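Spelled out, the chains give:
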2 protein chains.
Amino acid sequence: MASRRPTPLSGFPELLPGQRIVEAQVIRTLSETFELHGFAPLETRAVEPLDQLLRKGETSKEVYVLRRLQAEGDEDAGLGLHFDLTVPFARYVLENAGKLEFPFRRYQVQKVWRGERPQEGRFREFTQADIDVVGRDTLPFHHDVEVARVMVDALRRLEFLPPLRLQVNNRKLIQGFYSGLGADDVDEVMRVVDKLDKVSTDEVRRMLVDEAGLDDKQAELCLRLAAISSSDLAFVDDVRALGVEHPLLEEGLTELAAVVEGCAPLVDDRVRIVADLTIARGLDYYTGTVFETRLEGYEWLGSICSGGRYDALASDGKATYPGVGISLGLSRLLVPLFQRGVLTADRSVPSAVLVALPDEDSRAASDAVAQRLRARGIATEVAAAPQKYGKQIRYAERRGIPFVWFPAGDDGTHEVKDIRSGDQQPADPETWSPPAEDLRPTMVRQEET
Amino acid sequence: MASRRPTPLSGFPELLPGQRIVEAQVIRTLSETFELHGFAPLETRAVEPLDQLLRKGETSKEVYVLRRLQAEGDEDAGLGLHFDLTVPFARYVLENAGKLEFPFRRYQVQKVWRGERPQEGRFREFTQADIDVVGRDTLPFHHDVEVARVMVDALRRLEFLPPLRLQVNNRKLIQGFYSGLGADDVDEVMRVVDKLDKVSTDEVRRMLVDEAGLDDKQAELCLRLAAISSSDLAFVDDVRALGVEHPLLEEGLTELAAVVEGCAPLVDDRVRIVADLTIARGLDYYTGTVFETRLEGYEWLGSICSGGRYDALASDGKATYPGVGISLGLSRLLVPLFQRGVLTADRSVPSAVLVALPDEDSRAASDAVAQRLRARGIATEVAAAPQKYGKQIRYAERRGIPFVWFPAGDDGTHEVKDIRSGDQQPADPETWSPPAEDLRPTMVRQEET
């Protein structure tokens, strides 16, 4: 089997056990929260027909194409790895529409692949966690509020992450505003304003006039709209103060206010929600609510959790399937924190207890103690070898296992030692439990060094 | 986005929500059990360098090669999708050896890909769940017993599966036996005996003489050895009764007896362990204990859970990494049961409760009830539309949601209805819980129709 010392592949990050324990815990917390809200777990295959993957020309350069090594000619040409979870989900909904109940809520945590040039926070293989609600023909607006609430509820349970800011906007609001001030090419205005995070305000102002055909006053109003942001409903009056009127603008204001208000009971100091009128999301299929999310101190990562409302996720000629969803970039969020040593687990194994081994003949007795602890949900391993107890304790220390159990000797009394404090007490394998906070690995966040 | 009605891809099975709920539950139970035994969760990237994947020539035809659609020349040639979890794990151990603590226990649940011709129970994309213990330079035998116990402990918790039979053998036992009876080419004898599940006994007898160079008496002894099987230690006397002696045979007998005895406290009517002296496992790297597993009534699936001891999982010139592991073919086990309608969940959503919606203005009140139930771990969704209550109850029925909650009207009393029995009672959202068996979807096994 493998025999040389291999080196990592750029763009394909892998985690050490302590880091993977964090990632697995994050996925478990997300999944449990999504299920509490009635979202069903779903997985799609990793491959899609190339023609599906290439419908948006811009992504063609990113697709990994598959070929069987021994394939003759192009007998299995035409398959590629998915680059997101939305395209396969849209295909799945169409393929299984007759067997699904709508509105259909699903979450999906899977790897995706993009042949991009790797850089920090951008990978060729990475994990996404998506939630979507999809309707048949119609999907009431309140589901926009729902997916925002569900994602906020999930993110706030990840208490070991740095603070997060969920930024919300509404395409109806900005498109209605641009129409209301008399722009001829609303899409072009939006495209230009979307550049605000890349080029200067003065440059955007120039492009609004030169490329989007606005006059100076119109351009100024667009920039003032984009500057509005509030964590409460203050943005509504701020927009009205600009004096632009349009039915679509009103609709967008009402919807955006409902999302901010709907999330208010769930947000706290760590997970905030902000109406941010700059956000537009480049992708052209969003039609109402749009989301982006920044990680405090890591704004250079860009948005780590994005999504919105799309009026046509899929269509099969007979029915159209509107949806609203958010996609959390799990690898983009976690891997930079791992690489900078900011986030880790306090142990590299799930075990809370190491059962010591007095001698090899006692293995069955030590195994029996371990099995009694496991039966009560306590992750336990048995020492690999009957070394001196000092060595067995160091074995536990190196893995971060907090407790070492010494099986009963001739006097029939078991003892358990907290190797952090050195405290050692008699204990009964039928009743002893570690403190709740020691039962599972604890996620630890340190300041960046 | 997607717009035609797509059709399934042969060899890439996908699950309906109720089936995926079963698969997710199986993965959760397996993961929890593996962690109780101190196995750390691990994931490796989906791709490996082709030269690593092709080291065993026999698998070359199965590998999917990757190419970026816009790659020029062969700039990213040389990557393929992994076809199992052992090759990537061996590479991971070598790559990270300096950062791992040995013995290193890990479990890994991931998709793998093989370009084989699809048939029932054989897929091009499928999920495996592997456990392995790996040592540096040495790995004591007791870990063979450990991985058998861990897998039995995990499988017996999947109570909704058909009965399973874990078959164990030991390569030292059979190789020692062949040496002891004077075979010149032990490997060739093993290769021929391994055909017993495909060709007749008489044909194997002929091949043992013609191809492996045995005389009639030696061939007969080989066949009698292969016929031995017992769920207790009876096999030891049965082997001794054949009168063959060899130190390696003795070692194998002792080890096999230890595995059978070590698992005895865990097995029951549903998960049995059998010493079965036919089992050899074709792969040449096994050196001691070998495992296979049959699903009762689905023997045609072949082994759904296999593994064994390998003295060199990997080697980097400085150190050798021996290991012992078992791989559960999750898709091979579950997909045929889904396709035959034998296994499903009693609901297609995680929700235990649907909160009814008297009218659209009451949505905030219904959401608040739902959030109070979720805060106590009860998966809850709110009705999508304020239809007549009869329609809302049918909405719950179609998804298999057992309870419908009617929020308090003017009298301040909430009520909850078990829609299976029709029983409706007053309830307090701060204290009411469904019966424990209704909290999560239940896995249902039906006889094959």
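Residues numbered from 1 in each chain as written. Chains lettered and ligands numbered in written order. Predicted model: local features only at pLDDT ≥ 70, side-chain atom pairs only at ≥ 80, totals over all residues. Heavy atoms only, no water.

### Observations concerning the sheet that holds strand E11 (residues 305-315) of chain B
All names here are of chain B.
Part 1 of the reasoning: Strand order in this open sheet of nine strands is E1-E5-E6-E12-E11-E10-E7-E9-E8, and the pairing throughout is mixed. Both outer strands of the open sheet, strand E1 (40-41) and strand E8 (229-230), are each paired with one neighbouring strand and no more.
Part 2 of the reasoning: Where E1 lies against strand E5 (residues 104-113), two bridges are found, and the strand directions are parallel. The residue of E5 that forms the bridge with Ala40 is Arg106. (Pairing = 2+ DSSP bridges. Helix = DSSP H or I, 4+ residues; strand = E, 2+ residues; numbered from the N terminus.)

### What to know about the interface of chain A and chain B
Part 1 of the reasoning: Facing the 105 residues of chain A at the interface are 106 residues of chain B.
Part 2 of the reasoning: Across the interface of chain A and chain B, roughly 8,900 Å² is buried in total on both sides, 55% from carbon and sulfur atoms.
Part 3 of the reasoning: Viewed at the interface, chain B and chain A are joined by 12 salt bridges.
Part 4 of the reasoning: Across the pair A:Arg20 and B:Glu43 runs a salt bridge whose closest N-O atoms are separated by 3.7 Å.
Part 5 of the reasoning: Per-element tally for the side of chain A that touches chain B: the top contributor is helix H1 (residues 17-36) of chain A, with nine residues.
Part 6 of the reasoning: For the side of chain A that touches chain B, the residue count by class is 48 nonpolar, 22 polar and 35 charged.
Part 7 of the reasoning: One ladder, built from five bridges, connects strand E3 (residues 64-68) of chain A with strand E3 (residues 64-68) of chain B; its direction is antiparallel. Paired with A:Tyr64 across the bridge in E3(B) is B:Arg68. (Contact = heavy atoms within 4.5 Å. Buried area = accessible area lost by both parts, 1.4 Å probe. Salt bridge = Lys/Arg side-chain N within 4 Å of Asp/Glu carboxyl O. Nonpolar A, V, L, I, M, F, W, Y, C, P; charged D, E, K, R; others polar.)

### Structural notes on the pattern of salt bridges
Part 1 of the reasoning: Here the structure, examined in full by the defined rule, presents 62 salt bridges over all chains.
Part 2 of the reasoning: Across the salt bridge formed by A:Asp418 and A:Arg420, the nearest N and O atoms sit 3.0 Å from each other.
Part 3 of the reasoning: Assessed through its relative accessible area of 16%, A:Asp418 is described here as buried.
Part 4 of the reasoning: A network of salt bridges, in which partner residues are shared, links A:Glu14, B:Arg45, B:Glu48, B:Arg91 and B:Glu95. (Buried < 20%, exposed > 50% of the residue type's maximum accessible area, 1.4 Å probe, protein only.)

### Concerning the packing of aromatic side chains
Residue and element names in this part refer to chain B.
Part 1 of the reasoning: One pass over the structure, following the stated rule, counts 23 aromatic pairs over all chains.
Part 2 of the reasoning: Taking the centre distance of 6.4 Å and the plane angle of 80° together, the rings of Phe177 and Tyr178 count as edge-to-face. For the pair Phe177 and Tyr178, a shared accessibility class is recorded, and that class is buried.
Part 3 of the reasoning: Ring centres 5.9 Å apart and planes at 80° place the aromatic pair Tyr285 and Tyr310 in the edge-to-face group. (Phe/Tyr/Trp six-rings, centres within 6.5 Å; stacked < 30°, edge-to-face > 60°.)

### Notes on the sheet that holds strand E17 (residues 414-418) of chain B
Residue and element names in this part refer to chain B.
Part 1 of the reasoning: Here five strands make up an open sheet; going across it, the order is E15-E14-E16-E17-E18 and the pairing mixed. The sheet terminates laterally at strand E15 (380-382) and strand E18 (424-427), the two strands that pair on one side only. Averaged over all pairs of adjacent strands, the angle between strand axes in this sheet comes to 25°, irrespective of strand direction.
Part 2 of the reasoning: Pairing of strand E14 (residues 353-355) with strand E16 (residues 403-406), which is carried by three bridges, proceeds in the parallel orientation. Residue Leu354 lies in a different strand from E16, and its bridge partner there is Val404.
Part 3 of the reasoning: On the sheet, helix H12 (residues 363-375) packs against E14, E15, E16 and E17 and is oriented at approximately 175° with respect to E15. (Axes fitted to C-alpha atoms, helices over the stretch in contact; angles between N-to-C directions.)

### Structural notes on the side chain of B:Ser230
Residue and element names in this part refer to chain B.
Part 1 of the reasoning: Inspection of the secondary structure assignment puts Ser230 in strand E8.
Part 2 of the reasoning: From its side chain, Ser230 meets the backbone oxygen of Asp232 in a polar contact 2.7 Å long.
Part 3 of the reasoning: A distance of 3.0 Å separates the side chain of Ser230 from the backbone nitrogen of Phe235, its partner in a polar contact. (Polar contact = N/O pair within 3.5 Å; in protein donor to acceptor, adjacent residues only side chain to side chain.)

### Notes on the packing of helix H5 (residues 171-180) of chain B against helix H6 (residues 186-193) of chain B
All names here are of chain B.
Part 1 of the reasoning: Running from N to C, H5 and H6 cross one another at 115°; their axes reach a closest spacing of 9 Å. At the point where H5 passes H6, the crossing takes the right-handed sense. Across from Arg171, Ile174, Gln175, Tyr178 and Ser179 in H5, the residues of H6 making contact are Val186, Asp187, Val189, Met190 and Val193.
Part 2 of the reasoning: In terms of residue class, the contact of H5 with H6 is built from six nonpolar, two polar and two charged. (Left-handed = near helix turned anticlockwise from the far one by under 90°.)

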